[in-house]
Amino acid sequence: MTSGERRPRSLREVVFVDGVRTPFGKAGPKGVYAETRADDLVVRVIRELLRRNPALPAERVDEVAIAATTQVGDQGLTIGRTAALLAGLPESVPGYAIDRMCAGAMTAVTTTASGIAFGAYDVAIAGGVEHMGRHPMGEGADPNPRFFSEQIVDGSALVMGSTAENLHDRFPHLTRERADAFALASQQKYAEAVANGQIGPELVTVATRSAEHGWGLATADEPPRPGTTLEGLATLRTPFRPHGSVTAGNAAGLNDGATGCILAAEETAEELGLTAGMRLVGYGFAGVGPEVMGVGPVPSTERALARTGLSISDIGLFELNEAFAVQVLAFLDHFGIADDDERVNPWGGAIAVGHPLASSGVRLMTQLSRQFAERPDVRYGLTAMCVGLGMGASVIWENPNWEGTK
(Lines give C-alpha, C1' and ligand atoms only; values in the text may rest on other atoms or scores of the structure.)
Protein backbone atom coordinates (compact mmCIF):
# COMPACT_ATOMS: atom_id res chain seq x y z
CA MET A 1 0.00 0.00 0.00
CA THR A 2 1.43 3.36 -1.04
CA SER A 3 1.17 6.50 1.08
CA GLY A 4 -1.63 7.87 -1.08
CA GLU A 5 -3.90 4.81 -0.82
CA ARG A 6 -6.75 4.56 1.66
CA ARG A 7 -6.67 1.68 4.09
CA PRO A 8 -9.89 -0.36 3.74
CA ARG A 9 -12.15 -0.34 6.79
CA SER A 10 -14.51 -3.00 8.06
CA LEU A 11 -17.40 -2.07 10.32
CA ARG A 12 -17.40 -3.46 13.85
CA GLU A 13 -20.32 -5.01 15.70
CA VAL A 14 -21.87 -2.68 18.29
CA VAL A 15 -23.51 -3.90 21.49
CA PHE A 16 -25.82 -2.34 24.05
CA VAL A 17 -24.19 -3.22 27.35
CA ASP A 18 -26.50 -1.75 29.99
CA GLY A 19 -29.16 0.91 30.40
CA VAL A 20 -30.62 2.70 33.41
CA ARG A 21 -33.07 5.51 34.02
CA THR A 22 -34.36 7.69 36.78
CA PRO A 23 -37.91 7.09 37.90
CA PHE A 24 -40.11 9.25 35.70
CA GLY A 25 -41.91 12.11 37.42
CA LYS A 26 -44.92 14.27 36.73
CA ALA A 27 -44.02 17.67 35.35
CA GLY A 28 -45.09 20.69 37.35
CA PRO A 29 -44.75 22.25 40.77
CA LYS A 30 -46.09 19.17 42.56
CA GLY A 31 -43.92 16.68 40.66
CA VAL A 32 -41.17 14.79 42.43
CA TYR A 33 -38.44 16.64 40.47
CA ALA A 34 -39.94 20.12 40.71
CA GLU A 35 -36.81 21.43 42.44
CA THR A 36 -34.27 19.04 40.92
CA ARG A 37 -32.01 20.18 38.09
CA ALA A 38 -32.14 18.39 34.75
CA ASP A 39 -28.37 18.04 34.54
CA ASP A 40 -28.29 16.46 38.01
CA LEU A 41 -30.65 13.75 36.73
CA VAL A 42 -28.15 12.99 33.96
CA VAL A 43 -25.25 12.98 36.41
CA ARG A 44 -27.08 10.42 38.54
CA VAL A 45 -27.62 8.19 35.50
CA ILE A 46 -23.96 8.34 34.37
CA ARG A 47 -22.66 7.56 37.84
CA GLU A 48 -25.03 4.62 38.17
CA LEU A 49 -23.97 3.17 34.82
CA LEU A 50 -20.34 3.19 35.98
CA ARG A 51 -21.24 1.83 39.41
CA ARG A 52 -23.12 -1.11 37.90
CA ASN A 53 -20.35 -1.85 35.43
CA PRO A 54 -17.11 -1.70 37.48
CA ALA A 55 -15.22 -3.54 34.74
CA LEU A 56 -15.46 -0.37 32.65
CA PRO A 57 -12.71 2.11 33.60
CA ALA A 58 -14.03 5.67 33.36
CA GLU A 59 -11.12 6.67 31.16
CA ARG A 60 -12.21 4.09 28.56
CA VAL A 61 -15.38 6.08 27.82
CA ASP A 62 -14.69 7.84 24.51
CA GLU A 63 -17.82 9.98 24.18
CA VAL A 64 -20.90 11.13 26.09
CA ALA A 65 -23.93 12.10 23.98
CA ILE A 66 -26.95 13.42 25.85
CA ALA A 67 -30.17 14.56 24.17
CA ALA A 68 -32.64 17.23 25.24
CA THR A 69 -35.47 18.70 23.23
CA THR A 70 -35.56 22.06 24.98
CA GLN A 71 -31.90 23.00 25.24
CA VAL A 72 -32.07 25.94 27.60
CA GLY A 73 -31.17 26.55 31.24
CA ASP A 74 -30.08 23.41 33.07
CA GLN A 75 -30.70 21.40 29.87
CA GLY A 76 -28.40 23.62 27.83
CA LEU A 77 -24.68 24.37 27.80
CA THR A 78 -23.69 21.21 25.85
CA ILE A 79 -25.17 18.93 28.49
CA GLY A 80 -23.24 15.85 27.37
CA ARG A 81 -20.00 17.56 28.29
CA THR A 82 -21.16 19.33 31.43
CA ALA A 83 -22.88 16.23 32.83
CA ALA A 84 -19.76 14.15 32.13
CA LEU A 85 -17.62 16.58 34.10
CA LEU A 86 -20.15 16.78 36.94
CA ALA A 87 -20.36 12.98 37.06
CA GLY A 88 -16.60 12.77 37.65
CA LEU A 89 -15.51 11.40 34.30
CA PRO A 90 -11.94 12.35 33.36
CA GLU A 91 -11.48 15.71 31.65
CA SER A 92 -10.22 13.81 28.61
CA VAL A 93 -13.73 12.40 27.97
CA PRO A 94 -15.60 14.66 25.51
CA GLY A 95 -19.36 15.12 25.27
CA TYR A 96 -22.04 16.88 23.30
CA ALA A 97 -25.75 17.62 23.16
CA ILE A 98 -28.16 16.35 20.54
CA ASP A 99 -31.75 17.11 19.54
CA ARG A 100 -34.24 15.16 17.50
CA MET A 101 -37.17 16.01 19.74
CA CYS A 102 -38.72 12.76 21.09
CA ALA A 103 -36.08 10.62 19.36
CA GLY A 104 -33.17 12.50 20.91
CA ALA A 105 -31.81 9.65 23.04
CA MET A 106 -32.46 7.21 20.20
CA THR A 107 -30.40 9.43 17.90
CA ALA A 108 -27.67 9.73 20.54
CA VAL A 109 -27.48 5.93 20.44
CA THR A 110 -27.45 5.56 16.66
CA THR A 111 -24.93 8.37 16.22
CA THR A 112 -22.43 7.11 18.78
CA ALA A 113 -23.00 3.51 17.68
CA SER A 114 -22.10 4.53 14.14
CA GLY A 115 -18.87 6.03 15.48
CA ILE A 116 -18.11 2.79 17.29
CA ALA A 117 -18.82 0.73 14.18
CA PHE A 118 -16.53 2.98 12.14
CA GLY A 119 -13.76 2.76 14.73
CA ALA A 120 -13.82 6.33 16.04
CA TYR A 121 -14.83 5.13 19.51
CA ASP A 122 -14.66 1.91 21.51
CA VAL A 123 -17.11 2.85 24.28
CA ALA A 124 -19.76 5.57 24.54
CA ILE A 125 -22.46 6.68 26.93
CA ALA A 126 -25.67 7.84 25.27
CA GLY A 127 -28.93 9.02 26.75
CA GLY A 128 -31.37 11.84 27.15
CA VAL A 129 -33.18 14.06 29.61
CA GLU A 130 -36.28 16.16 29.65
CA HIS A 131 -37.47 18.30 32.55
CA MET A 132 -40.83 19.38 31.18
CA GLY A 133 -41.72 21.00 34.48
CA ARG A 134 -38.81 23.42 34.27
CA HIS A 135 -38.79 23.65 30.48
CA PRO A 136 -42.14 23.14 28.72
CA MET A 137 -41.89 21.89 25.17
CA GLY A 138 -41.28 24.83 22.85
CA GLU A 139 -39.91 27.16 25.52
CA GLY A 140 -37.86 29.84 23.82
CA ALA A 141 -38.66 28.53 20.35
CA ASP A 142 -39.29 31.00 17.53
CA PRO A 143 -40.83 29.15 14.56
CA ASN A 144 -40.20 30.91 11.29
CA PRO A 145 -43.43 32.65 10.16
CA ARG A 146 -42.86 31.26 6.67
CA PHE A 147 -44.00 27.88 7.93
CA PHE A 148 -47.53 29.21 7.99
CA SER A 149 -47.50 32.21 5.64
CA GLU A 150 -46.19 29.99 2.83
CA GLN A 151 -48.20 26.96 4.03
CA ILE A 152 -45.06 24.86 4.39
CA VAL A 153 -46.76 22.99 7.21
CA ASP A 154 -50.35 22.58 8.31
CA GLY A 155 -51.42 24.88 11.14
CA SER A 156 -51.79 21.92 13.50
CA ALA A 157 -48.26 20.64 12.94
CA LEU A 158 -46.72 22.29 16.01
CA VAL A 159 -49.36 21.00 18.46
CA MET A 160 -48.64 17.32 19.07
CA GLY A 161 -52.13 16.57 20.38
CA SER A 162 -53.65 18.07 17.27
CA THR A 163 -51.47 15.86 15.08
CA ALA A 164 -52.87 12.85 16.96
CA GLU A 165 -56.41 14.07 16.31
CA ASN A 166 -55.45 14.31 12.63
CA LEU A 167 -54.53 10.63 12.71
CA HIS A 168 -57.97 9.76 14.03
CA ASP A 169 -59.37 11.75 11.10
CA ARG A 170 -57.15 10.03 8.55
CA PHE A 171 -57.91 6.55 9.92
CA PRO A 172 -61.48 6.74 11.23
CA HIS A 173 -61.44 3.02 12.08
CA LEU A 174 -58.89 3.92 14.79
CA THR A 175 -61.62 5.01 17.16
CA ARG A 176 -61.40 6.57 20.58
CA GLU A 177 -62.71 3.31 21.98
CA ARG A 178 -59.76 1.40 20.49
CA ALA A 179 -57.37 4.03 21.79
CA ASP A 180 -58.87 3.84 25.28
CA ALA A 181 -58.68 0.03 25.28
CA PHE A 182 -55.03 0.18 24.26
CA ALA A 183 -54.34 2.76 26.99
CA LEU A 184 -55.98 0.60 29.65
CA ALA A 185 -53.86 -2.38 28.56
CA SER A 186 -50.72 -0.24 28.86
CA GLN A 187 -51.56 0.60 32.46
CA GLN A 188 -52.36 -3.01 33.29
CA LYS A 189 -49.23 -4.46 31.66
CA TYR A 190 -47.03 -1.87 33.41
CA ALA A 191 -48.55 -2.71 36.81
CA GLU A 192 -48.03 -6.42 36.22
CA ALA A 193 -44.39 -5.87 35.18
CA VAL A 194 -43.73 -3.87 38.35
CA ALA A 195 -45.38 -6.56 40.48
CA ASN A 196 -43.23 -9.22 38.79
CA GLY A 197 -40.03 -7.25 39.37
CA GLN A 198 -39.45 -6.76 35.63
CA ILE A 199 -39.64 -2.98 35.91
CA GLY A 200 -37.67 -1.57 38.83
CA PRO A 201 -34.13 -3.02 38.69
CA GLU A 202 -33.16 -0.49 36.00
CA LEU A 203 -34.27 2.48 38.09
CA VAL A 204 -31.76 4.84 39.71
CA THR A 205 -32.78 6.24 43.08
CA VAL A 206 -32.65 10.05 43.03
CA ALA A 207 -32.42 12.31 46.06
CA THR A 208 -34.99 15.11 45.81
CA ARG A 209 -35.87 18.21 47.74
CA SER A 210 -38.89 20.48 47.88
CA ALA A 211 -39.80 23.46 49.99
CA GLU A 212 -43.06 21.75 50.93
CA HIS A 213 -41.79 18.25 51.77
CA GLY A 214 -38.07 18.67 52.42
CA TRP A 215 -35.63 15.96 51.39
CA GLY A 216 -36.84 12.72 49.87
CA LEU A 217 -36.03 9.88 47.48
CA ALA A 218 -37.55 9.16 44.08
CA THR A 219 -37.66 5.37 43.85
CA ALA A 220 -40.67 4.65 41.62
CA ASP A 221 -42.40 6.13 38.60
CA GLU A 222 -44.96 8.84 39.39
CA PRO A 223 -47.23 8.88 36.28
CA PRO A 224 -48.96 5.44 36.33
CA ARG A 225 -52.67 5.40 37.15
CA PRO A 226 -53.41 1.92 38.56
CA GLY A 227 -57.11 2.65 39.04
CA THR A 228 -57.74 3.27 35.33
CA THR A 229 -60.94 1.82 33.88
CA LEU A 230 -62.56 1.99 30.46
CA GLU A 231 -65.52 3.73 32.03
CA GLY A 232 -63.28 6.38 33.53
CA LEU A 233 -61.35 6.87 30.30
CA ALA A 234 -64.61 7.43 28.42
CA THR A 235 -65.44 10.43 30.62
CA LEU A 236 -62.22 12.37 30.00
CA ARG A 237 -62.39 15.58 28.02
CA THR A 238 -60.72 16.05 24.65
CA PRO A 239 -58.54 19.15 25.08
CA PHE A 240 -57.33 19.47 21.50
CA ARG A 241 -60.75 19.77 19.89
CA PRO A 242 -64.40 19.51 20.92
CA HIS A 243 -65.74 15.98 20.61
CA GLY A 244 -62.30 14.69 19.65
CA SER A 245 -60.62 11.39 20.48
CA VAL A 246 -57.33 12.29 22.21
CA THR A 247 -57.45 12.56 26.01
CA ALA A 248 -55.06 12.62 28.92
CA GLY A 249 -55.90 8.95 29.37
CA ASN A 250 -54.92 7.65 25.92
CA ALA A 251 -51.78 9.78 25.57
CA ALA A 252 -48.51 10.10 27.46
CA GLY A 253 -48.36 12.88 30.01
CA LEU A 254 -45.91 15.73 30.63
CA ASN A 255 -42.98 14.25 32.48
CA ASP A 256 -39.48 14.68 33.87
CA GLY A 257 -36.71 12.08 33.72
CA ALA A 258 -33.38 10.94 32.35
CA THR A 259 -31.99 7.79 30.74
CA GLY A 260 -28.56 6.52 29.78
CA CYS A 261 -26.82 3.47 28.36
CA ILE A 262 -23.37 2.07 27.65
CA LEU A 263 -22.55 1.14 24.06
CA ALA A 264 -19.37 -0.63 23.02
CA ALA A 265 -17.67 -2.41 20.20
CA GLU A 266 -18.37 -6.10 20.72
CA GLU A 267 -14.64 -6.85 20.80
CA THR A 268 -14.11 -4.15 23.44
CA ALA A 269 -16.95 -5.49 25.57
CA GLU A 270 -15.33 -8.93 25.44
CA GLU A 271 -11.93 -7.46 26.30
CA LEU A 272 -13.31 -5.68 29.36
CA GLY A 273 -15.61 -8.47 30.47
CA LEU A 274 -18.79 -6.46 29.83
CA THR A 275 -21.96 -8.43 29.12
CA ALA A 276 -23.80 -7.56 25.92
CA GLY A 277 -27.53 -7.12 26.36
CA MET A 278 -28.25 -6.53 22.65
CA ARG A 279 -26.43 -6.34 19.34
CA LEU A 280 -27.25 -3.50 16.94
CA VAL A 281 -28.57 -4.72 13.60
CA GLY A 282 -29.60 -1.50 11.87
CA TYR A 283 -31.74 1.61 12.05
CA GLY A 284 -33.78 4.00 9.96
CA PHE A 285 -35.13 7.53 10.17
CA ALA A 286 -37.81 8.91 7.86
CA GLY A 287 -39.88 12.04 7.36
CA VAL A 288 -43.66 12.33 6.97
CA GLY A 289 -46.15 15.18 6.93
CA PRO A 290 -45.67 17.14 10.17
CA GLU A 291 -49.44 17.30 10.68
CA VAL A 292 -49.54 13.46 10.93
CA MET A 293 -46.21 12.91 12.63
CA GLY A 294 -47.62 9.82 14.40
CA VAL A 295 -47.27 7.69 11.26
CA GLY A 296 -43.53 8.33 11.17
CA PRO A 297 -42.51 4.93 12.60
CA VAL A 298 -44.12 3.18 9.62
CA PRO A 299 -41.68 4.39 6.92
CA SER A 300 -38.72 4.45 9.32
CA THR A 301 -39.37 0.80 10.20
CA GLU A 302 -39.81 -0.13 6.54
CA ARG A 303 -36.48 1.55 5.82
CA ALA A 304 -34.71 -0.25 8.67
CA LEU A 305 -36.15 -3.59 7.63
CA ALA A 306 -35.18 -3.09 3.98
CA ARG A 307 -31.61 -2.13 4.86
CA THR A 308 -31.13 -5.12 7.15
CA GLY A 309 -32.82 -7.66 4.89
CA LEU A 310 -35.43 -8.51 7.53
CA SER A 311 -39.22 -8.53 7.43
CA ILE A 312 -41.74 -7.52 10.06
CA SER A 313 -42.40 -11.21 10.75
CA ASP A 314 -38.79 -11.56 11.96
CA ILE A 315 -39.43 -9.16 14.84
CA GLY A 316 -40.27 -11.06 18.01
CA LEU A 317 -40.57 -8.10 20.40
CA PHE A 318 -41.70 -4.52 19.81
CA GLU A 319 -41.01 -1.57 22.10
CA LEU A 320 -43.09 1.22 20.57
CA ASN A 321 -43.26 4.60 22.24
CA GLU A 322 -46.81 5.45 23.22
CA ALA A 323 -46.84 9.20 22.71
CA PHE A 324 -50.48 8.67 21.74
CA ALA A 325 -52.39 5.42 21.54
CA VAL A 326 -53.57 6.25 18.02
CA GLN A 327 -50.04 6.43 16.62
CA VAL A 328 -49.22 2.97 17.93
CA LEU A 329 -52.50 1.66 16.52
CA ALA A 330 -51.68 3.18 13.12
CA PHE A 331 -48.35 1.33 13.15
CA LEU A 332 -49.93 -1.96 14.17
CA ASP A 333 -52.68 -1.69 11.55
CA HIS A 334 -50.17 -0.95 8.81
CA PHE A 335 -48.15 -4.06 9.59
CA GLY A 336 -51.16 -6.30 10.26
CA ILE A 337 -50.48 -6.68 13.99
CA ALA A 338 -53.35 -7.03 16.47
CA ASP A 339 -53.91 -4.34 19.08
CA ASP A 340 -53.35 -6.90 21.84
CA ASP A 341 -50.43 -8.80 20.27
CA GLU A 342 -48.31 -10.07 23.16
CA ARG A 343 -45.10 -9.08 21.35
CA VAL A 344 -45.99 -5.38 21.61
CA ASN A 345 -44.96 -3.43 24.71
CA PRO A 346 -45.26 -6.46 26.99
CA TRP A 347 -44.40 -4.35 30.06
CA GLY A 348 -46.66 -1.44 29.16
CA GLY A 349 -45.52 1.84 27.68
CA ALA A 350 -45.38 5.60 27.88
CA ILE A 351 -49.13 6.00 28.45
CA ALA A 352 -48.47 4.41 31.85
CA VAL A 353 -44.85 5.21 32.65
CA GLY A 354 -44.55 8.64 31.03
CA HIS A 355 -42.65 10.21 28.15
CA PRO A 356 -39.97 12.75 29.09
CA LEU A 357 -39.44 13.52 25.39
CA ALA A 358 -35.75 13.20 24.49
CA SER A 359 -35.07 10.53 27.13
CA SER A 360 -37.61 7.93 26.01
CA GLY A 361 -35.64 6.16 23.28
CA VAL A 362 -33.19 4.65 25.75
CA ARG A 363 -36.06 3.59 28.02
CA LEU A 364 -37.39 1.52 25.12
CA MET A 365 -33.95 0.00 24.55
CA THR A 366 -33.37 -0.76 28.20
CA GLN A 367 -36.68 -2.58 28.46
CA LEU A 368 -36.04 -4.52 25.26
CA SER A 369 -32.62 -5.58 26.51
CA ARG A 370 -34.11 -6.85 29.75
CA GLN A 371 -36.83 -8.70 27.83
CA PHE A 372 -34.21 -10.33 25.61
CA ALA A 373 -32.58 -11.77 28.73
CA GLU A 374 -35.89 -13.46 29.59
CA ARG A 375 -36.69 -14.57 26.04
CA PRO A 376 -33.95 -16.65 24.40
CA ASP A 377 -36.62 -17.79 21.92
CA VAL A 378 -36.68 -14.28 20.39
CA ARG A 379 -33.94 -13.27 17.99
CA TYR A 380 -34.87 -9.73 16.85
CA GLY A 381 -36.56 -6.78 18.51
CA LEU A 382 -37.57 -3.31 17.39
CA THR A 383 -37.54 0.01 19.22
CA ALA A 384 -39.48 2.73 17.38
CA MET A 385 -41.12 6.08 17.95
CA CYS A 386 -42.81 8.99 16.25
CA VAL A 387 -41.02 12.34 16.30
CA GLY A 388 -42.32 15.90 16.29
CA LEU A 389 -42.25 17.90 13.05
CA GLY A 390 -43.06 14.75 11.10
CA MET A 391 -40.45 12.02 11.55
CA GLY A 392 -40.12 8.41 12.57
CA ALA A 393 -37.21 6.57 14.19
CA SER A 394 -36.63 2.81 14.31
CA VAL A 395 -33.76 0.65 15.58
CA ILE A 396 -33.51 -3.12 15.16
CA TRP A 397 -31.62 -5.21 17.71
CA GLU A 398 -30.50 -8.85 17.94
CA ASN A 399 -30.69 -10.94 21.09
CA PRO A 400 -27.24 -12.35 21.99
CA ASN A 401 -29.05 -14.89 24.17
CA TRP A 402 -30.98 -16.30 21.21
CA GLU A 403 -31.10 -20.05 21.58
CA GLY A 404 -30.50 -20.49 17.84
CA THR A 405 -26.86 -19.42 18.36
CA LYS A 406 -26.18 -22.23 20.82
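In the annotation of an unreviewed UniProt entry, the entry for the chain reads acetyl-CoA C-acyltransferase, and the organism field reads Geodermatophilus normandii. You can read under Sequence similarities (unreviewed entry) in the UniProt record for the chain the words "Belongs to the thiolase-like superfamily. Thiolase family."

Peer 1: How should I be thinking about the pairing of strand β1 (residues 14-21) in this particular structure?
Peer 2: The two faces of the sheet receive side chains in turn, since in a regular strand these alternate between them. Counting buried positions along β1 yields eight of eight residues, so the element is predominantly enclosed. The sheet contact formed by β1 and strand β8 (residues 255-265) spans seven bridges and is antiparallel. Bridging from a neighbouring strand, V15 pairs with A264 of β8. Strand direction decides the pairing type here: β1 and strand β9 (residues 278-287), joined by two bridges, are antiparallel. Paired with F16 across the two strands is M278, which belongs to β9.

Peer 1: Even after reading the chapter, I still don't get the packing of aromatic side chains, so can you show me in this structure?
Peer 2: Two aromatic rings, taken as a pair, are described by how far apart their centres are and by the angle between their planes. Counted according to the given criterion, the structure contains four aromatic pairs. Centroid distance Y283 to F285: 5.9 Å. Interplanar angle 65°. Geometry classified as edge-to-face. Given a relative accessible area of 29%, Y283 falls into the partly exposed group. Given the relative accessible area of 15%, F285 is considered buried. The interplanar angle of 70° and the centroid separation of 6.3 Å between the aromatic rings of F318 and F331 together place this pair among those described as edge-to-face. Remark: F331 occurs in helix α10 (residues 325-334) and F318 occurs in strand β10 (residues 315-320); sequence separation between them is 13 residues. Comparing F318 with F331, the two get one shared label, buried. Members of the aromatic cluster, joined through ring pairs, are F318, F331 and F335. One residue, R21, lies across the ring of F24, its end atom 4.6 Å from the ring centre.

Peer 1: Please clarify how the nonpolar core should be interpreted in this entry.
Peer 2: In globular proteins that are soluble, nonpolar side chains generally tend to be buried together. The biggest cluster of nonpolar side chains holds 41 residues, and the ones touching the most others in it are F318, L320, F324, F331, L332, L382 and I396. Mapped by element, the contributors of at least two residues to this core are α5 (160-170), α6 (176-195), α9 (297-308), β10, α10 and β11 (380-387). No other element matches α10, which puts seven residues into this core. Residue contacts for F331: discarding those within four places in its chain leaves P297, V298, T301, F318, L320 and L382. Grouped together as the second largest cluster of nonpolar side chains are 39 residues, V109, A113, L368 and M385 included.

Peer 1: Would you mind going over helix α2 (residues 79-86) with me for this structure?
Peer 2: Helical periodicity: at 3.6 residues per turn, an α-helix aligns residues three or four positions apart in one direction. Within the sequence span of α2, burial applies to I79, G80, T82, A83 and A84. Elements that come into contact with the buried residues of α2 comprise α1 (38-52), β3 (63-67), β4 (95-98) and β5 (123-131). Phi turns positive one or two residues past the end of α2, at G88, with a value near 95°.

Peer 1: Please clarify how the layout of surface pockets should be interpreted in this entry.
Peer 2: Here the largest pocket is characterised by a volume of approximately 680 Å³. Forming the walls of the largest pocket are 30 residues, and the residues nearest its centre are F240, A251, A252, G253 and L254. Contributions of two or more residues to the lining of the largest pocket are made by α5 and α11 (350-353). A per-element tally of the lining of the largest pocket places α11 first, with three residues. As a volume, the second largest pocket reaches approximately 410 Å³. Taken together, 17 residues line the second largest pocket, and the ones lying closest to its centre are M101, M137, G138, A141 and L158.

Peer 1: Got a minute to help me understand the pairing of β8 in this structure?
Peer 2: With 11 of its 11 residues buried, β8 lies for the most part within the structure. Alternating residues of β8 divide into N255, G257, T259, C261, L263 and A265 and D256, A258, G260, I262 and A264, and every residue in both groups is buried. Where strand β2 (residues 25-26) lies against β8, two bridges are found, and the strand directions are antiparallel. Across the sheet, residue G25 finds its bridge partner in β8, namely D256. Bridge count for β5 against β8 is nine bridges, and the pairing is antiparallel. When the sheet's bridge partners are listed, H131 is paired in β8 with D256.

Peer 1: Hey, could you run me through the state of the cysteines in this one?
Peer 2: A disulfide bridge is the covalent bond that connects two cysteines by way of their sulfur atoms. The final tally for this structure, using the stated rule, is zero disulfides. The closest cysteine sulfur to the non-disulfide-bonded C102 is located on C386, 6.2 Å from its own sulfur. Judged by relative accessible area, which is 10%, C102 ranks as buried. For C386, a relative accessible area of 1% corresponds to the buried category.

Calculation criteria
Residues numbered from 1 in each chain as written. Predicted model: local features only at pLDDT ≥ 70, side-chain atom pairs only at ≥ 80, totals over all residues. Heavy atoms only, no water. UniProt positions renumbered as here; feature names shortened; annotations may be inferred. Buried < 20%, exposed > 50% of the residue type's maximum accessible area, 1.4 Å probe, protein only. Helix = DSSP H or I, 4+ residues; strand = E, 2+ residues; numbered from the N terminus. Pairing = 2+ DSSP bridges. Phe/Tyr/Trp six-rings, centres within 6.5 Å; stacked < 30°, edge-to-face > 60°. Lys NZ or Arg CZ within 6 Å of the ring centre and 35° of its normal. Core = buried A, V, L, I, M, F, W, Y, C linked by side-chain atoms within 4.5 Å. Contact = heavy atoms within 4.5 Å. 1 Å grid on protein atoms, 1.4 Å probe; cavity = no way out; pocket = protein on both sides within 12 Å on 5 of 7 lines; lining within 4 Å. Points joined across faces, edges and corners; volume = space filled by probe spheres on them. Disulfide = S-S within 2.5 Å.

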